[in-house]
Amino acid sequence: MRGGHGAALSALLVIGAPHMPTAGVSPLEFTISAPTRTHVGATVAIVLRLHNASDRPAEAHFLGRTIVFDIVVAREDGAIAWRRLEKDTGPGILQIRTLKPGETMQWHDRWLPRAPGRYRVQGILPSDAREPLRTPWVGVEVSP
Amino acid sequence: MSRLNPLRLIVPAALVAVAACQDTTSPPAPIGARVAPSAYAPQQVQRWFDVMAREGLALPGTVLADYDETTNQVVVGVEHAAAAANVHALAARLGVPAAALVVRQMEPIHFAQTLRDRVDTRIGGIQIHFGNFLCSMGFNAVDGGQPSFVTASHCTNKQGGVQGTVYYQPLQSVDGVSIGTEVEDPPYLRRIAGCPHGKKCRHSDASRAAYNSGINSALGQIAKTDANSPNTYSLVLNGSISLSGGDPRDHFTIGETINKVGRTTGWTQGQVTATCATVNVSRTNISQICQTIVENSVQIVGGGDSGSPVYTSTNALAGVLWGGNSSGTLLVFSPLKNVQDEIGPLQIK
């Protein structure tokens, strides 16, 4: 798809199925949305959302005074094409937040594709758990 | 664990099982006579287990209840003979045959205290709480006669400058009595030697808080976990490490092994890969001058480890951890020398 990035692409957004951090226990759903198609040189808007799907407040721990989130874009062969936090060095402070029932937090960033191909995109939220929260991978097709 | 099925093992609410096989290392002799595997229907014995778990564990001195599939018996663990007598009496009252019951004396099971729990005598490496944030206590120090602890500068209400940050341990919701108040946190400045253009700098990400009166702390002690080797991420507290002193260096040797202990990843270890490096703090206008970088192929730092004490292989205090990379395989610490250059001389043991 050439040009028209923005409103035209919004119809093509793909939203990764929610990730339940500890299935059956945590009410938090972590999802990603990104356009399914774009072209080289057009920025790809990526949105991560953390949603409290329960009717009770849910406590979550986040890295950073300003919450740190990562986005990884991988080529089909698994090679990393872009990583938001690559080579970042930041403070190891932990933030405690309570999400109200139904509350959603979201984070945005943009990726600029430099080569055509099929890519996969994943969002990551570091915390104090051994494994960070990860969204499902979603696919993005980049045309020349 | 062959004799205690975790799905069928119940401990009193006041106790916590630290390991499901706690009682299998050196099985104590049963108080009651040992009996042959019972000939009752397993479903019947399980019903007796249910009732003994519900009623028996309400008795003082009981430790656990288990349905032992190998002998088809109900096992009740007790702390002492008086509790055993009460359990036998209860079983008789509930119609549980003696042949289907084993009462066994054992040690009570306690909470395994972790770096994230309340630790009454405060030592380096345990969790501290302020505002909406968690960090690790660095190390205890006396400054001008004032009992204190050092943590990261960014583990204050505002990085650089004293705002009187009030600290709790481990959480205000767990212990509402504050342990200390921020008293020293030098400002970040633009015009100091080595500071990159457009940045504000210091040589250490460290601050000092004065302990409130009545708060116990142990000078020269940092938390020791129950791990036998580093990078296992155990958070279970097992005493403390005595610091041998303070390491006076601001340049560490490339390849040197460095340790830290903190509330998120426990005792971890890596090797120095850069020394006296100026490090930009991600997405801020802050640079830290003359910092040490430690790396490993596995995770050695996580969110909440900020402030952790960093120490050498001879247990000399090397500095204060303040950051890392996103995958946690790289940590950055401010050398103790820089901390003392900015905060002033500290008695650390």
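The structure presented is a predicted model; accordingly, all values stated were derived computationally and were not measured.

1. Some words on the overall build of chain B
Scanning chain B from N- to C-terminus turns up three helices and 21 strands. The long-range fraction of contacts in chain B, counting pairs at least 24 apart against all pairs at least 6 apart in sequence, stands at 64%.

2. Thoughts on the pairing of strand β17 (residues 266-280) of chain B
Residue and element names in this part refer to chain B. Inspection of the sheet shows strand β16 (residues 257-262) paired to β17 by six bridges, in the antiparallel sense. Considered in β17, the bridge of Asn259 is made with Gln269. What sits between the antiparallel neighbours β16 and β17 is a turn of three residues. Here β17 pairs with strand β18 (residues 286-295) via six bridges, running antiparallel. Across the sheet, Ala274 pairs through a bridge with Ile293, a residue of β18. In this structure, the hairpin formed by β17 and β18 is closed by a connection of five residues, where Arg283 is found at a positive phi of approximately 55°.

3. Side note on the interface of chain B and chain A
Tallying the contact residues gives 25 residues for chain B and 20 residues for chain A. Breaking the side of chain B that touches chain A down by element, the ones donating at least two residues are β6 (133-136) and β20 (316-324) of chain B. Per element, the largest residue contribution to the side of chain B that touches chain A is four residues, and it comes from β20(B). Counted by class, the side of chain B that touches chain A contains eleven nonpolar, twelve polar and two charged residues. Judged from the two bridges that link them, strand β8 (residues 90-91) of chain A and β20(B) form a sheet pairing that is antiparallel. Bridge pairing in β20(B) places A:Gly90 opposite B:Gly324.

4. Quick notes on the confidence of the model for chain A
Residues and elements named next belong to chain A. Residue-level pLDDT values for chain A average 86, and 83% of them are 70 or greater. Across residues 1-13, where pLDDT falls below 50, the model places 16 contacts with residues more than four positions away in sequence or in other chains. Residue range residues 17-24 is modelled with pLDDT below 50. Its contacts to residues more than four positions away, or to other chains, number 15 contacts.

5. Describing the pairing of strand β2 (residues 73-78) of chain B
Residues and elements named next belong to chain B. Among the six residues of β2, six are classified as buried, and the element is accordingly described as predominantly covered. The sheet contact formed by strand β1 (residues 62-68) and β2 spans six bridges and is antiparallel. In the strand pairing of β2, Asp68 is matched with Gln73. Where β1 hands over to β2, the hairpin turn is made up of four residues, of which Asn72 adopts a positive phi near 55°. The parallel pair β2 and strand β3 (residues 101-105) is bridged by helix α2 (residues 81-94), and the resulting crossover is right-handed.

6. With respect to the sheet that holds β6(B)
Taken together, four strands build an open sheet; the order of strands is β5(A)-β9(A)-β6(B)-β5(B) and the sheet is antiparallel. The open sheet is flanked by β5 (58-63) of chain A together with β5 (127-130) of chain B, the only strands paired with a single partner. Averaged over neighbouring strand pairs, the angle between their axes works out to 30° when direction is ignored. Note: strand β9 (residues 94-99) of chain A against β6(B), two bridges, orientation antiparallel. Residue pairing for β6(B): A:Gln95 is matched across the bridge by B:Phe133.

What counts and how
- Residues numbered from 1 in each chain as written.
- Chains lettered and ligands numbered in written order.
- Predicted model: local features only at pLDDT ≥ 70, side-chain atom pairs only at ≥ 80, totals over all residues.
- Helix = DSSP H or I, 4+ residues; strand = E, 2+ residues; numbered from the N terminus.
- Contact = placed C-beta atoms within 7 Å.
- Pairing = 2+ DSSP bridges.
- Nonpolar A, V, L, I, M, F, W, Y, C, P; charged D, E, K, R; others polar.
- pLDDT = per-residue confidence, 0-100.
- Buried ≥ 20, exposed ≤ 12 C-beta atoms within 10 Å, placed from the backbone.
- Right-handed = clockwise from strand over helix to strand, strands pointing away.
- Axes fitted to C-alpha atoms, helices over the stretch in contact; angles between N-to-C directions.

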